[in-house]
Amino acid sequence: MAGQKRAPEDNSPRNVKKSKFVKDRLTDVSEKPVQLVSNLMDEEVDFPRGGGTSLTAAEVKTIRAEATQEANEELFAASGKSQKKKGRSDAKSKGSVTSKRDVVRIEHLNYKRIVPGMKLLGQIASIQPLALIISLPNQLMGHVPITQVTSQLTNRLESMHEQEEPSDTESIDDGESDSQTEVPDLFQLFHAGQYVRAIVTNVHASGSMDVSAIGKLRDEAAKASRRIELSLVPKTVNSGVLKTDLKPGFTLSAAVQSVEDHGYILDIGVQGSSGFLSFKEAKKGGSDCSKLHVGQLLDIAVMKMSSNEKICTVSVDPQVIQSSSITEVNNVTSVLPGILGQALITGISPSGINLQTLGFFNATADEFNVPTNPAKVFKIGQKVKARILYEIAGSSPPKFSVSLLDHIVNLKEKLSTDDTAIHLAYPNGTILDAITVKRVEPERGLVVEVQPHLDGFIHISHTSDGHVPMLSSSSGPWRLNTIHRARVIGYHPLDGLLQLSLRPSILDQRFLQAGDVQVGEVLKGTVKRLTDSALFVSISCNADGIIWPNHYADIPLKHPSKRFKAGGSIKCRVLAVDPERMRVELTAKKTLIESTLPVLTSIEEAKVGIITDAVVYRVVDKGLIVRFYNDLKAFVPSREASDYSSKLKDMFIAGRVVKVRILTVDLNPPRVVASIRQASLPKAVKVADTSDITSSPVAESVVAVHKTPRVPSLRSSHAHESIPSKALASKRSSPLPQVKAVPTQSQSMPRSHTPEQAAPLKVEGFSWFPGDTRSDAEFDEASSSDEGSEEDESSKKKRRKKKEIEQDLTADMHSKLPESNADFERLLLGSPNSSYLWVQYMSFLLQLSEIDKARETGRRAIQTISFREEEERLNVWIALLNVENVYGTDESLEAVFKDAARHNDSKTVYLRLAAILDQSEKHEAAEDQYKRTCKKFGHSSKVWTLFCEHYMRRRNLEQARKLLPRSLQSLEKRKHLKTISKFAQLEYKLGDAERGKTIFEGIVDSHPKRWDLWSIYMDMEAGQGDIQSLRNIFNRIFGIKMTSHKAKSFFKKWLELERRIGDEEGASAVKQKAVEWTQKAASNSQ
């Protein structure tokens, strides 16, 4: 066939038809499918340096020029220009024998040149739960879904639901082979930096899909949407490999098919052949290969083939795979990416190197795959080791792209100068202050030097925030040898290049990836979207966070869509960060956001005694599991969770914020035990020795408790316990219950013995014994006994002293209000949860103009009162609102109000503040507060009723009546009747009684069997004193069928009203009607 094409050239015809004949023949040859095996044999026999079947466009052009030149010479019409062209043509013709096939255009791989079916060598850049991100040549990235790893793994995933009783707690690395029962995840099967062979299954064009779930490898949305889908399935990748190719030194991909007695059976994707890997050889693959899973992908090297060509013994030893090479193949389809072979350099150009590999295949190595500073300068004719990256699509004869880089040739991960991984030495977000431009590609980007033997690539779109159409190496801000400040935004492991950006917006960006976010940090984000399962928040251009439903607020939200709108701003705090999965967990709970307690992110930070915030994670039988930051958990036993015996599930729900105190910390095994009960105790609870008790601002008396009753005297001597209730009642001639109703000091203090000699105390302005003239010596003699005396003598003295007491005045301190800070502090020791005492204390301080101290006392009360005493705490909050309303500013009032609403039932606090403003005659502020309340709690009938009452008390009847239709639009239907009834009652009390009567008439007409509404209607009419109207109502109601029990209650009510606002005649008529109704009901029943 090739000979037929050359024959016409030997005859050298002199007409145009001959030239056209050559052109047609060339076209016919190029259109015919290439038969790879036979063509190689033809070229080897007839045309060692090529063949007629593979003429390039340049060769066709040369043949045309030769034919035209010969025709011109025949006609003697050759001009100078044609002679010049002939000279060039002759020179090219002469050199075509030696260099025509050596000069091949070097092209970069890009999205346009990648086609489905192309096989490439890649390196794993990152591992995700359901996908692998593969680094491809020329700074491209590919995506391998979990279903395209191996067919065996896909089958196991599909049959997961059929497995019986899968165990989530069993270790995958257990000695027993549990790979048959539990599907391993991708993190167990692969590691970052691992080389893989892949085949392109699909190429998604720009903007064709959303890959937000994959992770943004590039900043621009258009580039992020372009994705190359790959497959690692050996049967697909190794398609074209024949049994005859499975010779020692041949490397390929394989999947573990089954585990046998002496080794593993591998699926190598070659029809009629399987691989066998012994357990001994598997151990040579390192720790990752010591135990293999069914469906795991391996890179293998053929060691030997069995005689029947059905089983080939393989090795996974990295050293064997790195050094295995081949010199020739039987078919071009047998050339797989990753094969190592000898190559001959045939040409060197600024854009790369031309080579000839595997004997007769042309190959190219672009500048990204040529070492920048090789140990030996490359020369034409030099033999080098090259590893095949991919076959150039659409080339004829076949051409390959190879790499001469050391880390690819040796199948190792490229390291920095200090022998650390590049992505660890330069993580994403690293700022590089000085990088030097070493090469400019006008339409692609910049190649810069980061450090010796480490380069970076800056795409043209990352040179500036604006559009840059072209780069220049001799002018402009990005010319050669200029120094710039850049930021690392990624890493391409296969090329060994850092991906950098010069864009100011990225240099100034706070976060580039999830790993840059600090746990516990408070930040502001933008709501992206709200789904049924979570809220997604954007915290930077490249980093997103997620908020789970139990972290939307301090309380569960029934309608989160009303609070979170797409594009809205949200303040949140970082709960946990998982850089590997690119996940940032956030919380929107205000309690956690505004908390100043320590943040625990690891078990090492947990110290015994620390009080911090935690979130209830789960309620179990024996206690609670609470969660701190960064997924650190602790166990709270039942006895430390609550003082009450009620069920924990009724008291704690998942998502509730609690304060805990760390009790114990064990590092091995990791375990943290905490307490909620101890964290809620006041700080000054320890009262082992009452002599240490002091209160601000005045030091108080020391209380010593004796076994026998003693008469106390607050003088410059020992302080004693107050009289017990029985003795106090007998001396005061008062009943015992009355005395016990008053809290005493002895009820609040633990019993302890006083030392023999206590320092004398003097408290001025207070005396329990006015007019007492006894000396200290006399009192000591009467109130104490000699240590050496016997017990019977001591008891006689005490009984004698009791008889001498004529009047007991110790109860005076309980019968009058406290008169000093000391009195209040003493009472609060006995009743720390009493809001009445705390509010009285605040009122006392306000009388002394100690406003700041009153505020501090209120805050101290909230911290002291047990969190279970919700009503008591609410009373203190209301007191604080009153203080701020009278003495504070609008800002301070708003701050206290928000704090109170967060710690109590928010609707109650909203309504209480409106009432406070109304009582203090701040009517406009009260109206605004009611409007806020109705907007937030429009589903509450009580809120609308109180708002209506506010308007009516101010005689703003028109606005009050407009609220009824508005409320019915917001309320549920089941609340309509109740609300209408409330509005009608307000009309009777504060508005127009006739209007209220009209509303009630409409209610009872539409709901005649609602006896409760009839009763309310009657009560409202009774308040008007119109007995005739009441008689009409009762006559109407007895016309409705009802039970005798209900009739009896209504007759009784009618009779009472007749006696109260009617007359005796009317009462007699009621009795007569009752008899008649009873007789009629009895006759109807018969």
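Presented here is an overview of the structure given in this document.

1. Some words on the overall build of the protein chain
Okay, step 1: Check the secondary structure of the protein chain and you find 38 helices and 30 strands.
Okay, step 2: Counting only residues that meet the buried cut, the protein chain has 45% of its 1086 residues in that class.
Okay, step 3: When contacts within the protein chain are restricted to residue pairs at least 6 apart in sequence, those whose partners lie at least 24 apart make up 60%.
Okay, step 4: For the protein chain, the exposed area adds up to about 58300 Å²; of that, 51% sits on carbon and sulfur atoms.

2. Examining the pairing of strand β30 (residues 670-675)
In regular strands, side chains alternate between the two faces of the sheet.
Okay, step 1: One ladder, built from six bridges, connects strand β29 (residues 657-667) with β30; its direction is antiparallel. Bridge assignment links T664 to a residue of β30, and that residue is V673.
Okay, step 2: Two successive antiparallel strands, β29 and β30, enclose a turn made up of two residues.

3. Some details on the pattern of salt bridges
Two side chains of opposite charge can pair, provided their charged atoms sit close to one another.
Okay, step 1: Within the structure shown, the criterion is met by 35 salt bridges.
Okay, step 2: Among the ionic pairs, R485 bridges to D433, the shortest N-O distance being 3.5 Å. A residue pair is termed long-range when its members are at least 10 positions apart, and R485 in strand β19 (residues 483-492) and D433 in strand β16 (residues 431-441) qualify at 52 residues.
Okay, step 3: What makes D433 exposed here is its relative accessible area of 58%.
Okay, step 4: Residue E441 is joined to R444 by a salt bridge in which the shortest nitrogen-to-oxygen separation is 3.0 Å.
Okay, step 5: Residue E441 is classed as buried on the basis of its relative accessible area, which comes to 8%.
Okay, step 6: Judged by relative accessible area, which is 22%, R444 ranks as partly exposed.
Okay, step 7: Connected via shared salt-bridge partners are E585, R627, D631 and K633.

4. Considering the packing of helix α25 (residues 835-847) against helix α26 (residues 851-864)
Okay, step 1: At a minimum axis separation of 8 Å, α25 and α26 run at an interaxial angle of 170 degrees. Taken as axis vectors, α25 and α26 run roughly antiparallel relative to one another. Here α25 contributes W838, Y841, M842, L845 and L846 to the contact with α26, which in turn contributes I851, K853, A854, T857, G858, R860, A861 and T864.
Okay, step 2: Split into classes, the residues belonging to the contact of α25 with α26 amount to eight nonpolar, three polar and two charged.

5. Points about the pairing of strand β27 (residues 623-627)
Okay, step 1: Of all five residues that make up β27, five are buried, and the element is covered over most of its length.
Okay, step 2: The sheet contact formed by strand β26 (residues 611-620) and β27 spans five bridges and is antiparallel. Looking at β27, one finds that V620 is bridged to G623.
Okay, step 3: Hairpin connection of β26 to β27: two residues between the antiparallel strands.
Okay, step 4: Pairing of β27 with strand β28 (residues 633-637), which is carried by five bridges, proceeds in the antiparallel orientation. If you follow G623 over to β28, its bridge partner there is P637.

6. Some details on the sheet that holds strand β17 (residues 445-451)
Okay, step 1: Spatial ordering of the closed barrel is given by β16-β17-β18-β20-β19, a layout of five strands whose pairing is mixed. Going across the sheet, the axis of each strand differs from the next one's by a mean of 50 degrees, ignoring polarity.

7. Details of the nonpolar core
Okay, step 1: Counting residues in hydrophobic clusters, the biggest one holds 50 residues, and the most contacted among them are L881, V909, C948 and L963.
Okay, step 2: Contact partners of L963, with chain neighbours within four places excluded, come to W944, F947, C948, Y951 and F983.
Okay, step 3: Core analysis: the second largest hydrophobic core is formed by 41 residues, A343, I345, A386 and F400 among them.

8. Examining the environment of A588
Okay, step 1: Structurally, the position occupied by A588 is in the loop between β25 (583-587) and α15 (590-593).
Okay, step 2: For A588, a relative accessible area of 6% corresponds to the buried category.
Okay, step 3: Separated by 15 residues in sequence, A588 and R573 place their C-alpha atoms 6.7 Å apart.
Okay, step 4: Apart from residues lying up to four places away in sequence, A588 is in contact with I547, H551, Y552, A553, I570, K571 and I593.

9. Considerations on the sheet that holds strand β23 (residues 544-547)
Okay, step 1: Sheet architecture is closed into a barrel: five strands sit in the order β21-β22-β23-β25-β24, paired in mixed fashion. Looking at each pair of strands side by side, their axes are set apart by 55 degrees on average, direction ignored.

10. What about helix α35 (residues 1011-1024)?
Okay, step 1: An ideal rise of 1.5 Å per residue puts 20 Å on 14 residues; α35 measures up with 20 Å between its terminal C-alpha atoms.
Okay, step 2: Elements in contact with the buried residues of α35: α33 (976-990), α34 (993-1006), α36 (1027-1037) and α37 (1044-1061).
Okay, step 3: One or two positions beyond α35, positive phi appears at G1025, with a value near 75 degrees.

11. As for the packing of aromatic side chains
Okay, step 1: Enumeration according to the criterion identifies 18 aromatic pairs in this entry.
Okay, step 2: Residues F824 and Y841 carry aromatic rings whose centres are separated by 4.9 Å and whose planes lie at 5 degrees to one another, so their mutual orientation is stacked. Taken together, the residues F824 in helix α24 (residues 821-830) and Y841 in helix α25 connect sequence positions 17 residues apart.
Okay, step 3: When its relative accessible area of 3% is taken as the criterion, Y841 is described as buried.
Okay, step 4: Relative to F947, the ring of Y930 lies with its centre 5.4 Å away and its plane at 10 degrees, an arrangement referred to as stacked.

12. Re helix α38 (residues 1064-1085)
Okay, step 1: Taking 1.5 Å of rise per residue, 22 residues should cover 32 Å, and α38 covers 32 Å from first to last C-alpha, within 8% of that figure.
Okay, step 2: Listing the buried residues of α38 in full gives G1066, A1067, V1070 and W1077. Angular distribution of buried residues about the axis of α38 spans 100 degrees; they occupy a single face of the element. Among the exposed residues of α38, those pointing more than 90 degrees away from its buried face are E1064, E1065 and Q1079.
Okay, step 3: Where α38 is buried, its residues meet α36 and α37.

13. A short note on unusual backbone geometry
Okay, step 1: Between S396 and P397 the backbone carries a cis peptide bond, its omega angle lying at 0 degrees.
Okay, step 2: Look at the link from N668 to P669: it is a cis peptide, with omega at -5 degrees.
Okay, step 3: Along the chain, P669 turns up in the loop between β29 and β30.
Okay, step 4: Even without being a glycine, L411 presents a positive backbone phi close to 55 degrees.
Okay, step 5: Mapped onto the fold, L411 is located in the loop between α12 (406-409) and α13 (422-425).
Okay, step 6: You will see that E921, though not glycine, has its phi angle at about 65 degrees, which is positive.
Okay, step 7: The exposure class of E921 is exposed, given its relative accessible area of 63%.

14. What to know about the packing of helix α29 (residues 906-919) against helix α31 (residues 941-953)
Okay, step 1: Look at α29 against α31: their axes get within 11 Å of each other, and the N-to-C directions meet at 5 degrees. Comparing the axis directions of α29 and α31 gives the class roughly parallel. Note on element contacts: α31 touches α29 through K942, V943, L946 and H950, opposite K907, L911 and D918.
Okay, step 2: Class assignment of the residues belonging to the contact of α29 with α31 gives a composition of three nonpolar, one polar and three charged.

15. Side note on the side chain of E884
Okay, step 1: Along the polypeptide, E884 turns up in helix α27 (residues 870-887).
Okay, step 2: Setting aside its immediate chain neighbours within four residues, E884 contacts R855, T889, S892, L893 and V896.

16. Digging into a positive patch on the surface
Okay, step 1: Taken together, the side chains of R563, K590, K898 and K936 define a basic patch exposed on the protein surface.
Okay, step 2: One can find K590 in helix α15.
Okay, step 3: A residue is classified by how much of its surface remains accessible, and K590, at 41% relative accessible area, is partly exposed.

17. Brief notes about the environment of I625
Okay, step 1: Counting through the fold element by element, I625 comes out in strand β27.
Okay, step 2: By relative accessible area, I625 is classed as buried at 17%.
Okay, step 3: Along the backbone, I625 and A614 are eleven residues apart, and their C-alpha atoms lie at a distance of 9.7 Å.

About the criteria used
- Residues numbered from 1 in each chain as written.
- Predicted model: local features only at pLDDT ≥ 70, side-chain atom pairs only at ≥ 80, totals over all residues.
- Heavy atoms only, no water.
- Helix = DSSP H or I, 4+ residues; strand = E, 2+ residues; numbered from the N terminus.
- Buried < 20%, exposed > 50% of the residue type's maximum accessible area, 1.4 Å probe, protein only.
- Contact = heavy atoms within 4.5 Å.
- Areas by Shrake-Rupley, 256 points an atom, 1.4 Å probe, with all protein chains shown as cover.
- Pairing = 2+ DSSP bridges.
- Salt bridge = Lys/Arg side-chain N within 4 Å of Asp/Glu carboxyl O.
- Axes fitted to C-alpha atoms, helices over the stretch in contact; angles between N-to-C directions.
- Parallel < 35°, antiparallel > 145°, perpendicular 65-115°, else oblique.
- Nonpolar A, V, L, I, M, F, W, Y, C, P; charged D, E, K, R; others polar.
- Core = buried A, V, L, I, M, F, W, Y, C linked by side-chain atoms within 4.5 Å.
- Expected span 1.5 Å × (residues − 1).
- Phe/Tyr/Trp six-rings, centres within 6.5 Å; stacked < 30°, edge-to-face > 60°.
- Arc of directions from axis to C-beta.
- Patch = residues over 30% accessible without salt bridge, like charges linked within 9 Å, V, L, I, M, F, W, Y side chains within 5 Å.
- Lys, Arg positive; Asp, Glu negative; His and termini not counted.
- Charge placed at Lys NZ, Arg CZ, Asp CG, Glu CD.

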